[in-house]
Amino acid sequence: MLAGERSSGVRRWLRLATLGALACAALGGPAWAADAPQKVVRIAFIDPLSGPAADIGRNSLRSWQFMAERLAGPGNPAGVRFVVAGFDNKGSPKESLDALKAAIDQGFRYVVQGNGSGVAAAISDAVTRHNARHPEQAVLFINYAAMDPALTNDLCSFWHFRVDADTTMKTRALALFMASQSELKSVYLLNQNYAHGQQFSRYFREALTQERPDIQIVGDELHTAFVGQDFTPHVRRMAESGAQAVVTGNWGADLRGLVKAMQQQGVTLPLYAYYPMLKGVPELLASGDGRLPVYQVANNHTNQAGDIAGLATAFRRRHGEDLVVYAAFDGMSMLLQAMTHAQTTDAARVAGRLSGMVFPGFSGPVHMRADDHQLQQGLYVSRWQKVDGRHPRAAEDTGYTFAPVRYMSASEISGPTSCRMQRP
């Protein structure tokens, strides 16, 4: 089942949330009616806004601000207005903790972060300790992209909610798809040498061994992240290895560097990746006339149907760049529904409502699993190709698009959790 078949229910679900709010008011709860004064909910966005990952961070911040404006407009069922403020962490856990303290001191009770699992772990731990000491000032943490499985396993926290798939889910989806390619016999791994890249390599190996033990991994390299390196030597080793495909978790400047080197060397091995939709990569791919076969695994693709399609078009019109952080929709949607039904913006009560909640995501209903606060949603594998009648929306106005070729449900890619959550 692909995008158009899964994306038509968002307005209906939001109408149900509105009816739920009115019903609560009728039963004697606080009347958050459409004409009541809006409560302001301030959200601290903590991610790189300077440095080598700044372009991704700024796009992500704009995405959250845009969704806050569009989903929590006047008359929304929760009676709230979201204000998303950016805090530059420069990609550093220490800078992130300084930003978190500053945000809490300024009265922020909601925190959003995604770039870097080390940062996410530091924020999650600090939020958990803060809430234990100051329960009257509870803070809720939404993780939209940091994929370390430990964050919803051994390091899980009641106050942490992940609205993206974790690395085990994404690598399993990749392995399932690649296992279906009967002619595929060998692959080459290239990843950034920090937690994300190391985990990508580990979990992809495990998933591929389970699905297709006959596929040989003929190279497995880790490289220093974001140092502006020339990827030509890596690409030459790929070509010499006899690999039939390249698999990478690289993102930002390092993914662009890899693509550029493959194009310059004339290496057209199929590239399987998480992040080819991110800023600048589609333009680079199009500059090579689409000769490099690219497959993306993600919770979205360029041609999502439903309400998110219009929002993506509006975002492109306003900012001159693509909407790629679709998780911002899910984050805002779940907060709105939780606040509507809890009839409060208090972070502790909202967290309790979020745990186990089913809510309208950008591609249909999704479930925030109570056991570990890992969002249960499906993933798409999409293919880089020219736009056509079925897939008309281009990535970065290039004339090319990421078209879905397979959808895998949450039940296909999710596994059990070792989380032993301590609930307040």
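Every value quoted in this text rests on a predicted model; they were computed, and no experiment measured them. (Residues numbered from 1 in each chain as written. Predicted model: local features only at pLDDT ≥ 70, side-chain atom pairs only at ≥ 80, totals over all residues. Heavy atoms only, no water.)

Asker: I would appreciate a short explanation of the packing of aromatic side chains in the present structure.
Answerer: How two aromatic rings sit relative to each other is set out by the distance from centre to centre and by the angle between their planes. Applying the stated criterion across every chain yields a total of 16 aromatic pairs. Their ring planes at 20° and their centres at 6.2 Å tell us that Phe200 and Phe204 sit as a pair that is stacked. One end of the pair is Phe200 and the other is Phe204, both in helix H7 (residues 195-211) and four residues apart, which spans about a single turn. Phe204 carries the same exposure label as Phe200, and that label is buried. Taking 5.6 Å as the distance between ring centres and 90° as the angle between the ring planes, the aromatic pair formed by Tyr274 and Tyr275 counts as edge-to-face. When sorted by exposure, Tyr274 lands in the same class as Tyr275, which is buried. Linked through ring pairs, Phe200, Phe204, Tyr274 and Tyr275 together constitute an aromatic cluster. (Phe/Tyr/Trp six-rings, centres within 6.5 Å; stacked < 30°, edge-to-face > 60°. Helix = DSSP H or I, 4+ residues; strand = E, 2+ residues; numbered from the N terminus. Buried < 20%, exposed > 50% of the residue type's maximum accessible area, 1.4 Å probe, protein only.)

Asker: Please explain the pattern of salt bridges as it appears in this structure.
Answerer: Opposite charge on two side chains lets them pair, provided their charged atoms get close. If you walk through the whole model with that rule in mind, you get 19 salt bridges. Of the charged contacts, one joins Glu221 and Arg237 as a salt bridge, the two residues approaching to 2.9 Å between their closest N and O atoms. One end of the pair, Glu221, is in strand S7 (residues 216-223); the other, Arg237, is in helix H8 (residues 232-241), with 16 residues separating them in the sequence. The buried category is assigned to Glu221, whose relative accessible area is 14%. Arg237 sits in the partly exposed class, given a relative accessible area of 35%. Notably, a salt bridge pairs Arg369 with Asp372, separated by 2.7 Å at the nearest N-O pair. In this structure, Arg369 and Asp372 share a single accessibility class: buried. (Salt bridge = Lys/Arg side-chain N within 4 Å of Asp/Glu carboxyl O.)

Asker: Looking at this structure, how should I read the nonpolar core?
Answerer: One recurring pattern in soluble globular proteins: nonpolar side chains tend to sit buried together. Judged by nonpolar contacts, the single largest core of 131 residues is most densely connected at Trp64 and Phe82. With nine residues, helix H12 (residues 327-342) is the single largest residue contributor to this core. Not counting the four nearest positions on each side in its chain, Phe82 is found in contact with Val41, Ile43, Ala68, Ala72, Met332, Leu335, Leu336 and Met339. (Core = buried A, V, L, I, M, F, W, Y, C linked by side-chain atoms within 4.5 Å. Contact = heavy atoms within 4.5 Å.)

Asker: When you look at the side chain of Arg212 in this model, what are you seeing that I'm missing?
Answerer: As for its placement among the helices and strands, Arg212 is situated in the loop between H7 and S7. Within the structure, the side chain of Arg212 is placed 2.7 Å from the backbone oxygen of Leu184, a separation counted as a polar contact. (Polar contact = N/O pair within 3.5 Å; in protein donor to acceptor, adjacent residues only side chain to side chain.)

Asker: Hey, could you run me through helix H6 (residues 167-179) in this one?
Answerer: Since the α-helix turns once every 3.6 residues, residues separated by three or four places project in the same direction. Here H6 contains 13 residues, and its C-alpha end-to-end distance of 18 Å stays within 8% of the 18 Å for a straight helix at 1.5 Å per residue. With respect to burial, H6 is a largely interior element, ten of its 13 residues being buried. Taken together, the buried positions of H6 are occupied by Thr167, Met169, Lys170, Thr171, Ala173, Leu174, Ala175, Leu176, Phe177 and Met178. (Expected span 1.5 Å × (residues − 1).)

Asker: What is the right way to read the side chain of Ser157 from this model?
Answerer: Tracing the chain through its elements places Ser157 in the loop between strand S4 (140-143) and strand S5 (160-162). Note on Ser157: relative accessible area 5%, which makes it buried. Residue contacts for Ser157: discarding those within four places in its chain leaves Ser124, Thr128, Leu151, His373 and Met421.

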